[in-house]
Amino acid sequence: MRRLLILLACLALTACWYGDRLYTPSDARPAIRPGVYRATAEDEAPKAYRISIEPDGMTKLDGGETTDLMGFSPLDSVRGTYVAWLPLKDKEPDERGELQIYLLMMRAGPDEYRIYPPECKDSGADLARKNGATVEEGTSPACYFTSRSDVEKALRSLPLDEHSASTLKRIP
């Protein structure tokens, strides 16, 4: 069931990088100052999010219709980069498993952030494979990581594709 959920999520995100609970809320650090932000991405309508920090360290993104939790862990303090993870909890109440999608977040300025979703195709799949991921082929391939250090190493060398990135900018 868990693999199906992540594969469906990866299909929606176009070939993602993921793993099994490589990060926990105790790894989460506040990376985005609480407030209201405008999210923009190429070919998508802008959307507003109220961002707050949960008691466990996770960041809550409330878009009105939907609420998501994300975790951020520092990757490179000089560049202002973070590992961002999006937990995908199973719907079955007895199972406590959690799959996570991994992204790169970079500070772009005061109260402005860029989020880069790595793709598991072409050079993105090669980069993931070189850094320990298993590439699951299919209509929407997925790169499966089993180690935090492998994810972090891959994200550190991820080329920044501005066309696929999203921007979060605080609304004053």
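Before any of the text, the structure's been laid out above.
This is a predicted model, so every value here is computed, not measured.

Draft legend 1. The pattern of salt bridges, seen in detail. For the structure shown, the criterion picks out eight salt bridges. The partner of aspartate 27 in a salt bridge is arginine 148, and the shortest N-O contact between them spans 3.1 Å. With aspartate 27 in the loop between strand S1 (17–20) and strand S2 (35–41) and arginine 148 in helix H3 (residues 148–156), this residue pair connects regions lying 121 residues apart in the sequence. Classification of aspartate 27 as buried rests on a relative accessible area of 17%. According to the relative accessible area criterion, arginine 148 is partly exposed, its value standing at 30%. Through salt bridges with shared partners, a single network forms among Asp27, Arg148 and Glu152.

Draft legend 2. Representation of the nonpolar core in the model. Grouped together as the largest cluster of nonpolar side chains are 26 residues, with contacts concentrated most on Trp17, Cys120, Cys143, Phe145, Leu155 and Leu158. For this core, the elements supplying multiple residues, two or more each, are strand S6 (81–89), strand S7 (98–109), helix H2 (122–130), strand S10 (142–145) and H3. Excluding its chain neighbours within four sequence positions, the residues that come into contact with cysteine 143 are Cys16, Trp17, Tyr18, Cys120, Ala125, Ala128, Ala133, Thr134 and Val135. Formed by 16 residues, the second largest nonpolar core is a distinct cluster that contains Ala31, Ala84, Leu103 and Leu168.

Draft legend 3. Local environment of the pairing of S1. Sheet topology note: the S1/S10 ladder contains three bridges and is parallel. Pairing of glycine 19 across the sheet is with phenylalanine 145, part of S10. Bridge analysis of S1 against S7 gives three bridges, and the strand direction is antiparallel. Counterpart to glycine 19 in the pairing with S7 is glutamine 100.

Draft legend 4. Main features of unusual backbone geometry. In this structure, arginine 21 is a non-glycine residue whose phi angle is positive, near 40°. Note on placement: arginine 21 falls in the loop between S1 and S2.

Draft legend 5. Local environment of a negative patch on the surface. Taken together, the side chains of Glu42, Asp43, Glu44 and Asp161 make up a negatively charged region of the molecular surface. Relative to the elements of secondary structure, glutamate 44 occurs in the loop between S2 and strand S3 (47–53).

Draft legend 6. Region of interest: the packing of aromatic side chains. The final tally for this structure, using the stated rule, is five aromatic pairs. Consider the rings of tryptophan 17 and phenylalanine 145, whose centres lie 5.2 Å apart with planes at 50°: the pair is tilted. On the criterion of sequence distance, the pair formed by tryptophan 17 in strand S1 and phenylalanine 145 in strand S10 is long-range, its members being 128 residues apart. Across this residue pair, the class does not change: tryptophan 17 and phenylalanine 145 are buried. Aromatic pair tyrosine 37 and tyrosine 113: ring centres 6.4 Å apart, planes at 55°, arrangement tilted. One end of the pair, tyrosine 37, is in strand S2; the other, tyrosine 113, is in strand S8 (residues 112–116), with 76 residues separating them in the sequence. Judged by its relative accessible area of 0%, tyrosine 37 falls in the buried class. Ring-pair connections join several aromatic residues into one group, and the members of that group are Tyr23, Trp85 and Tyr102. Here the guanidinium or amino end of lysine 47 rests over the ring plane of tyrosine 49, the centre of that ring lying 5.7 Å away.

Rules and cut-offs
- Residues numbered from 1 in each chain as written.
- Predicted model: local features only at pLDDT ≥ 70, side-chain atom pairs only at ≥ 80, totals over all residues.
- Heavy atoms only, no water.
- Salt bridge = Lys/Arg side-chain N within 4 Å of Asp/Glu carboxyl O.
- Helix = DSSP H or I, 4+ residues; strand = E, 2+ residues; numbered from the N terminus.
- Buried < 20%, exposed > 50% of the residue type's maximum accessible area, 1.4 Å probe, protein only.
- Core = buried A, V, L, I, M, F, W, Y, C linked by side-chain atoms within 4.5 Å.
- Contact = heavy atoms within 4.5 Å.
- Pairing = 2+ DSSP bridges.
- Patch = residues over 30% accessible without salt bridge, like charges linked within 9 Å, V, L, I, M, F, W, Y side chains within 5 Å.
- Areas by Shrake-Rupley, 256 points an atom, 1.4 Å probe, with all protein chains shown as cover.
- Lys, Arg positive; Asp, Glu negative; His and termini not counted.
- Charge placed at Lys NZ, Arg CZ, Asp CG, Glu CD.
- Phe/Tyr/Trp six-rings, centres within 6.5 Å; stacked < 30°, edge-to-face > 60°.
- Lys NZ or Arg CZ within 6 Å of the ring centre and 35° of its normal.

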